[in-house]
Amino acid sequence: MNVTIIGSGFAALAAIRELRQLDPGRRVKVTVVAPRAEFVYLPSLIWIPSELRHAADLRLDLQPFFARMGVEHHPGAALEIQDQGRTVMTTQGSVRNDALLIAAGSEYLRKIPGIEHTLNPCSGIAAVEQMRRRLRTLKQGTIAMGFGGNPNEPTAIRGGPMFEFLFGLHTQLRRERRRDAFKLVFFTPMAEPGKRMGARAVGGLLKAMARRDIHRHLGHKITAFEPGRISTEGGDIPADLVLFLPGLTGPSWLAKSGLALSPGGFLQADAHGRASGGERVYVAGDAGSFPGP
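Residues numbered from 1 in each chain as written. Predicted model: local features only at pLDDT ≥ 70, side-chain atom pairs only at ≥ 80, totals over all residues. Heavy atoms only, no water.

*Asks:* Can you tell me about the overall build of the chain, naming the residues and giving the values?
*Replies:* Counting its secondary structure elements, the chain contains six helices and 21 strands. Its C-alpha radius of gyration of 21 Å places the chain within 12% of the 19 Å reference for a compact globule of 293 residues. Overall size of the chain, expressed as C-alpha extent along the three principal axes, is 60 × 40 × 35 Å. The buried share of the chain, taken over its 293 residues, is 47%. Of the contacts formed within the chain by residues at least 6 apart in sequence, a portion of 64% connects residues at least 24 apart. Accessible area for the chain stands at about 14800 Å²; split by element, carbon and sulfur atoms hold 51% of it. One finds the centroid of the 37 positive side-chain charges in the chain at a distance of 5 Å from the centroid of its 26 negative side-chain charges. (Helix = DSSP H or I, 4+ residues; strand = E, 2+ residues; numbered from the N terminus. Rg over C-alpha atoms; globule rule 2.2 N^0.38 Å. Buried < 20%, exposed > 50% of the residue type's maximum accessible area, 1.4 Å probe, protein only. Contact = heavy atoms within 4.5 Å. Areas by Shrake-Rupley, 256 points an atom, 1.4 Å probe, with all protein chains shown as cover. Lys, Arg positive; Asp, Glu negative; His and termini not counted. Charge placed at Lys NZ, Arg CZ, Asp CG, Glu CD.)

*Asks:* Any details on the packing of aromatic side chains? Residues and values, ideally.
*Replies:* Within this structure, the stated rule accounts for 10 aromatic pairs. Plain terms: the ring middles of Phe187 and Phe225 are 6.5 Å apart, the flat faces sit at 65° to each other, and that makes the pair edge-to-face. Taken together, the residues Phe187 in strand S12 (residues 182-188) and Phe225 in strand S14 (residues 222-226) connect sequence positions 38 residues apart. You can call Phe225 buried: its relative accessible area is 3%. Taken together, the ring pairs connect Phe10, Phe39 and Tyr41 into an aromatic cluster. (Phe/Tyr/Trp six-rings, centres within 6.5 Å; stacked < 30°, edge-to-face > 60°.)

*Asks:* Give me the lowdown on unusual backbone geometry, citing residues and values where you can.
*Replies:* If you check the backbone angles, Asp83 has positive phi at about 55° while not being a glycine. Under the relative-accessibility criterion, Asp83 is labelled partly exposed at 46%. One non-glycine residue, Arg280, lies in the positive phi region at around 55°. Looking at the secondary structure, you find Arg280 in the loop between strand S19 (267-268) and strand S20 (281-283).

*Asks:* An account of the pattern of salt bridges is requested, with residue identities and associated values reported.
*Replies:* Opposite charge on two side chains lets them pair, provided their charged atoms get close. Enumeration over the complete set of coordinates arrives at 12 salt bridges. A salt bridge links Arg59 to Glu38, with the shortest nitrogen-to-oxygen separation between them at 3.7 Å. Here Arg59, found in strand S4 (residues 59-61), pairs with Glu38, found in strand S3 (residues 38-40); they are 21 residues apart in sequence, far enough to count as distant. When its relative accessible area of 41% is taken as the criterion, Arg59 is described as partly exposed. (Salt bridge = Lys/Arg side-chain N within 4 Å of Asp/Glu carboxyl O.)

*Asks:* So, the environment of Met197: which residues are in play, and what are the values?
*Replies:* With respect to the element layout, Met197 can be found in the loop between S12 and helix H6 (199-211). What makes Met197 exposed here is its relative accessible area of 54%. Taking the C-alpha atoms as reference, Met197 lies 9.1 Å from Gly160; in sequence the two are 37 residues apart.

*Asks:* Which residues make up the sheet that holds strand S9 (residues 99-102), and what are the values?
*Replies:* An order of S5-S2-S1-S9-S20 is seen for the five strands of this open sheet, with the pairing classed as parallel. One side of each edge strand has no neighbouring strand; the edge strands of this open sheet are strand S5 (71-74) and S20. Strand-to-strand twist in this sheet, taken as the mean axis angle between neighbours without regard to direction, amounts to 20°. As defined by bridge partners, S9 adjoins S20 across three bridges and the pair is classed as parallel. By the bridge assignment for S20, Leu100 is matched with Val281. Strands strand S1 (2-6), strand S2 (29-33), S5 and S9 of the sheet are contacted by helix H1 (residues 10-22), whose axis makes an angle of about 160° with S1. (Pairing = 2+ DSSP bridges. Axes fitted to C-alpha atoms, helices over the stretch in contact; angles between N-to-C directions.)

*Asks:* Pulling in residues and values, what's your account of the packing of helix H5 (residues 160-175) against H6?
*Replies:* Relative to each other, H5 and H6 sit at 20°, their axes nearing to 11 Å. Regarding the angle of H5 to H6, the classification is roughly parallel. Considering only the axes of H5 and H6, their crossing is left-handed. The segment H5 lies against H6, with Phe163, Leu166 and Phe167 engaging Leu205, Ala208 and Met209. Of the residues belonging to the contact of H5 with H6, the class tally is six nonpolar, no polar and no charged. (Parallel < 35°, antiparallel > 145°, perpendicular 65-115°, else oblique. Left-handed = near helix turned anticlockwise from the far one by under 90°. Nonpolar A, V, L, I, M, F, W, Y, C, P; charged D, E, K, R; others polar.)

*Asks:* Can you lay out H1 for me, pointing to particular residues and giving the numbers?
*Replies:* In this model H1 runs 18 Å from its N-terminal to its C-terminal C-alpha over 13 residues, within 8% of the 18 Å that 1.5 Å per residue would give. Within H1 the residues assigned to the buried category are Ala12, Leu13, Ala15, Ile16 and Arg20. Seen along its axis, H1 keeps its buried residues to an arc of 155°; they face one direction. More than 90 degrees from the buried face of H1, the exposed residues found are Phe10, Gln21 and Leu22. In the core, the buried residues of H1 are packed alongside S1, S2, S3, helix H3 (63-69), S5 and S9. (Expected span 1.5 Å × (residues − 1). Arc of directions from axis to C-beta.)

*Asks:* Residue-level account of the environment of Pro251, with values.
*Replies:* Note on placement: Pro251 falls in the loop between strand S18 (248-249) and S19. Sequence separation of Pro251 and Ala269 is 18 residues, and the distance between their C-alpha atoms is 15 Å. Contacts of Pro251, omitting those with residues within four sequence positions, involve Ala104, Gly105, Ser106, Glu107 and Ala287.

Structure representation (structure tokens):
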């Protein structure tokens, strides 16, 4: 039996380990489709602006893990799913399978006009290193930080990292004795940011911002980003640096897969991670839309 896994993040690596525990004789051939045999520990991106972590600390070469697990690495990027999941078309050719797990993560919605004037520190090492360089050059001014959502899938919000970046930046500037030179503004179209973490979370977050003199601009739709300014239906926000996490959607290549997608563009799955519209096709992680609260 041939199992193909698309991705090399948390969900993909957990699946490899689980498969090998279930198949100690390694009768199942496992192929991982990913551009690089590399794992990037994204949760620690928040430490790069203050240089408590560096890029090398976050990168892990997966070749030893693949060798230990008896996994074949296909160094290509997924382009399309064919034959109800049995064929994965990639930039390096096609990969056949008897069962498929899609653990490719999500993509960011970039439809707001002028979004190229923002910096998304959650998108990877290069972006957060650029954030660090910008912070070094800024002597004073306004830094605006916020996140958006997917209007077609309200649960597709991952705003937590931006709260970490926000409070982390406040602490970093204070330790550098530069906090008084900057105005920090948190913005989001959600009137109650953090609500998915529970009713008490919203009040706690807003009180924490108030204690740190972080200004709030909440509940107003973002209409455009321009150099030095964020336009919203509730007024403009002047800003010298804008850090923005867009809403999420599923990988764009899923549109050609023939598999059922949720309104927000994710793979529609049941409670067991089985993707609708395919046979022996599963999804794990941020590529899927799952039942539940």
